[in-house]
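# Coordinates in review
Read off the chains here:
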Amino acid sequence: MLSRQWRLRLAIAALLAVVGGALSLTPAADLLQRMGIDGLLPLRHALYGPLFPPSASDVVVVAIDEQSYRTDPFRNTPKVAWTPHIARVLEAVDAAEPKAIGFDVIYPTSLDRPELLRGYDRPFLLALRKAAEKDRLVLGAARLSGETLEPYPGQIAAAKGRGNLRLLNLNVDRDDVVRGYFRGFADEAGGMTSSFGVELADRAGAGPPAGDFLINFNTGPGDIPVYSMADLWSCDDPAYFARHFKGKIVLFGEALDLEDRFLSAKRLAMTTRADAHAALERCKVPADPERFGALGDRRSIPGVLIHAAAVNTVTKGIYVSPLSGAASFLIVGGSVLVFAVLFFLVKPATGLLAGGAVLAAEIGMAVVDFASGSVIPIILIAVTGFLAYAVVYAYRFIVEDREKRWIQHAFRHYLAPVLVDRLAADPAALRLGGEKRRVTVFFSDIAGFTAISERLRDRPERLVEILNKYLTVMTEAVEARGGYVDKYIGDAVMAIWNAPLDDADADRHAVEAALDCLEALERFNAEIVVGEYDMTPLGTRIGIHAGTAIVGNMGSRARLNYTATGDTVNLAARLEGANKEYGSQIMISEDVMANLGEGFLLRRLDRLVVKGKKQPVEVFEVVGRHESTAGTEPKIRAFHAALAFYDRRDFSAAETAFARLSAVDPVAAMYADRCRHYLSEPPPSDWNGAFAMKTK
C-alpha cells in the first residue's frame, strides 16, 4: 500500500501531467512543435542520411547567382535588360521536355516600350508563350500588403494570362523561420487558388495536398541540384540540357548572397559554409568556389530552394504531420508524468542527469517517428520536463524538506542520525498525534546511585560529569541497535523500539542493546570510573517489557515530546526496579521472551506481581549470549531444577537446592531465604507461585 507521501506525490505528478497535456493544446505549443523540426532534421540526417540523393530530386534550379552577375553578358547589365539572355536559357530548358517550369523571379518592368526599346522583350515573350502552350509554365507574383507585385503585363499575356500566375509568398512562422508551405490563397471570387509550388507539383502530375503542409526538407550537400545561369547561357549542347532537365520541374530564381534569403527549418542541418551547390557537371563555364563560395557558415537559404523543397514534398508524398491534439496531450502528459515521478525519486543533481537521459531517449524516439512522417513535440516535452523539474524540486524543498527539517530538528537529540535520516526520507513513517502500537520499552538505572550522590554531594560538578558520560555510553548502545531514547529521568534511561520507526525485531534489538550496555559499562568503569576518577565501579539494572502502548506527541501546547505511555511502560519500569529484589541485571517479561528467538541464555526468575498490579507476569533474566556464557548452562539447569521444587511447594527440597547455589548466585540466595520463610509460614492453599512486590 502506498504511503501518504507517495499518494500526494503521485497526485501532484498527475496534476502536472494534465497541465503539461493542456499546454500542448495552446497556440504557443503549435509553434514549439514546429520549432522542433529544426532539431529533428539534422538528427534524422545523422541517423538515416538524406531522404534521397540530389540526382533523385524532382526539382532542379536555374540560379541567377553571384557568378552570373559577374559573367558576360549579364555583367554590368541592368536586370531589366536580361530578358533576351534568360529567353535563350528558357528555350533550351523547355526543349529538354521538363514536366514544369516556374519563375521565382519577377520582372515588373520592361524596356519593351514605345519610348524605350520596342520589341526588346520579344525573345523572352516568345519563350514564355512556347512553354505556356505546353501547359508547363507558372509565373510567380508576390502579395505585399494590399498590393501585388506581378510580372510586366506583357509577360502575363505571353504566359496565356493569370491562369498561369501564382503567389510566391512563403509561410513564415512568428520566429521568422519558414517551416510550412501554403496550399493556396483566397482569390477575389471567394475561391482558393493554389500556391506557386503546389501548382507546379500539380502540373507535374502530383495531386495537391489537402491543406497547408510542413516542408520535409532534404539534407546533405547540394540536395537540390542548382545550375548557374551563366553556365547555361554559354551552353549550346542540347544533350546536356536533356541529361539534366528532362522530366524535371525547373525553377528559375535568384541564389544570391544577400537578396531573397530566408531562415528555414533546415537551418541547423546546413552543410559547411552553407554551400547549396552539388558537384554538378558543368557545360562551359566552370565553377569558381574561391570567388563565389560562401565565406562562412550561413543559416539562411535562397527562397527558390524553399519552393523547391516544398515541391519535392508534394511530388514525392514525403509529408510530415504534427500530432493530433489528443495524441499531443497523451504524449506530453505521459512524458511529464514520467519526469515528475523520476524527480520525486532522486535528488536534484541526479534528477537533472536522469531527466536528461530520459529526454535523450525521447528525442531518439522522436527522430525515428520523424523519419516515419510524424512530428513529436520534442521542444514542448523538454520545456514541460524542465517545468516539472522546477515544480517538483520546489515542492520537495518548500513542503517535504520543511517537514524533514522539522523531523531532523525534533529528533536529532533522541534518535541515532541514521534513524533521523530514515524518518526525514519518509516522513509518512512518523505518525504524530497518538496511535496504538506494540512497542518494546527499555528502562535502565544506575545501581546505588543514591550512595554515589551522597559521596559526591560536595562536588556536584563531578557527579554531573560522571552521569553525563554514563548516559552517553547507554545512549550509544541503545541507538546502535535502532532504539529511540525517549527521555532521561535522573540517572535512568527510557528507550523504546518499534516507534517512531517500524522494527520487526524490536524485542531482540532491545535485549541486544541491554547486553551491549553491560559490556560498554564494564569498559566505562575500567577506563573512566576507576581509571580516571578512582571510584567504585558503577552497576546498572535494566527492565524490558513489550506490549501495546499509546505513542505520539504528548505535552503542552508550547512543548511536546514524542513518547509512549500506558501499562506497558509502567511494567517495564517496575521490572527494572525488581532487579534489586532478585540481584539480577537484566529482567525481561514473558512477552519479550516469546519473541526473542535463539542465541540468548535465559533463566526463569519468577511469576511476579509488581506493585499496583494484581495479575502475575512471568519474568526472566537475560544471562548473556550463548557464545559468551560457556560453563554457565549447568548452573542454570540446577537453578531451574530447584525452581521446580519451589513451584511444587516442596520448599524443603527447594531450600536445599538453592542453598547449594547461593554462594555465587544472588537470585538463588534470595530464593533460599524465601523458602525458609515459606517453611515457617506456608503460603495459602490457592497459591499459584506468584510473588507480590511490596515496593517499586
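### Details of the side chain of D516
Relative to the assigned elements, D516 resides in helix α18 (residues 506-530). Given a relative accessible area of 15%, D516 falls into the buried group. Those residues in contact with D516 that sit more than four places away from it in its chain are A477, R481 and R625.

### A look at the state of the cysteines
Between two cysteines, a covalent bond joining their sulfur atoms is known as a disulfide. A full pass over the atoms with the stated rule returns one disulfide. Each disulfide pairs two cysteine sulfurs, and for C235 the partner residue is C283, the sulfurs being separated by 2.0 Å. Disulfide C235 to C283: torsion about the S-S bond roughly 70 degrees, handedness right-handed. Of this pair, C235 sits in the loop between α8 (229-234) and α9 (238-245) while C283 sits in the loop between β13 (261-264) and α10 (289-292), placing them 48 residues apart in sequence. Residue C235 is classed as buried on the basis of its relative accessible area, which comes to 5%.

### Let's talk about the pairing of strand β1 (residues 59-65)
Of all seven residues in β1, seven are buried, a share of seventy percent or more. Along β1, one buried face is formed by V59, V61, A63 and D65 and the opposite face, lined by V60, V62 and I64, is buried too. Inspection of the sheet shows β1 paired to strand β12 (residues 249-255) by seven bridges, in the parallel sense. In the strand pairing of β12, V60 is matched with V250.

### With respect to a nonpolar patch on the surface
A surface patch of nonpolar side chains, about 400 Å² in accessible area, is lined by L15, V19, L23, V383 and L387. Secondary structure elements with two or more residues in the nonpolar patch: α1 (4-23) and α14 (378-411). Examining the composition of the nonpolar patch, we find that three residues originate from one element, α1, more than from any other.

### Some words on the pattern of salt bridges
What the rule picks out here adds up to 43 salt bridges. In this structure, D58 and K316 form a salt bridge, with 3.6 Å as the shortest nitrogen-oxygen distance. Residue D58 is located in the loop between α2 (27-48) and β1, and its partner K316 is located in helix α11 (residues 303-316); the two are separated by 258 residues in the primary sequence. We note a salt bridge from E115 to R113, for which the minimum N-O separation is 2.6 Å. By sharing partners, the salt bridges in this structure join R34, D38, D173, D175, R179 and R267 into a single network.

### Describing the environment of F185
The topology assignment puts F185 in strand β8 (residues 184-186). C-alpha separation for the pair F185 and S195, spaced ten residues apart in sequence, amounts to 6.5 Å. Leave out the neighbours within four places in its chain, and F185 touches R143, L167, N169, G191, M192, T193 and S195.

### Structural notes on the side chain of T71
Among the secondary structure elements, T71 is positioned in the loop between α3 (66-69) and α4 (83-95). Of the polar contacts made by the side chain of T71, one reaches the backbone oxygen of Q67; its length is 2.5 Å.

### Things to note about helix α19 (residues 567-582)
For α19, built from 16 residues, the straight-helix expectation of 22 Å at 1.5 Å per residue is met to within 8% by its first-to-last C-alpha distance of 22 Å. Positive phi shows up at G583, right after α19, with a value of about 75 degrees.

### Considering helix α22 (residues 651-661)
Along α22, the residues that are buried comprise F651, A654, E655, A657, F658 and L661. Buried positions along α22 lie against α21 (633-647) and α23 (666-680).

Calculation notes
- Residues numbered from 1 in each chain as written.
- Predicted model: local features only at pLDDT ≥ 70, side-chain atom pairs only at ≥ 80, totals over all residues.
- Heavy atoms only, no water.
- Helix = DSSP H or I, 4+ residues; strand = E, 2+ residues; numbered from the N terminus.
- Buried < 20%, exposed > 50% of the residue type's maximum accessible area, 1.4 Å probe, protein only.
- Contact = heavy atoms within 4.5 Å.
- Disulfide = S-S within 2.5 Å.
- Pairing = 2+ DSSP bridges.
- Patch = residues over 30% accessible without salt bridge, like charges linked within 9 Å, V, L, I, M, F, W, Y side chains within 5 Å.
- Areas by Shrake-Rupley, 256 points an atom, 1.4 Å probe, with all protein chains shown as cover.
- Salt bridge = Lys/Arg side-chain N within 4 Å of Asp/Glu carboxyl O.
- Polar contact = N/O pair within 3.5 Å; in protein donor to acceptor, adjacent residues only side chain to side chain.
- Expected span 1.5 Å × (residues − 1).

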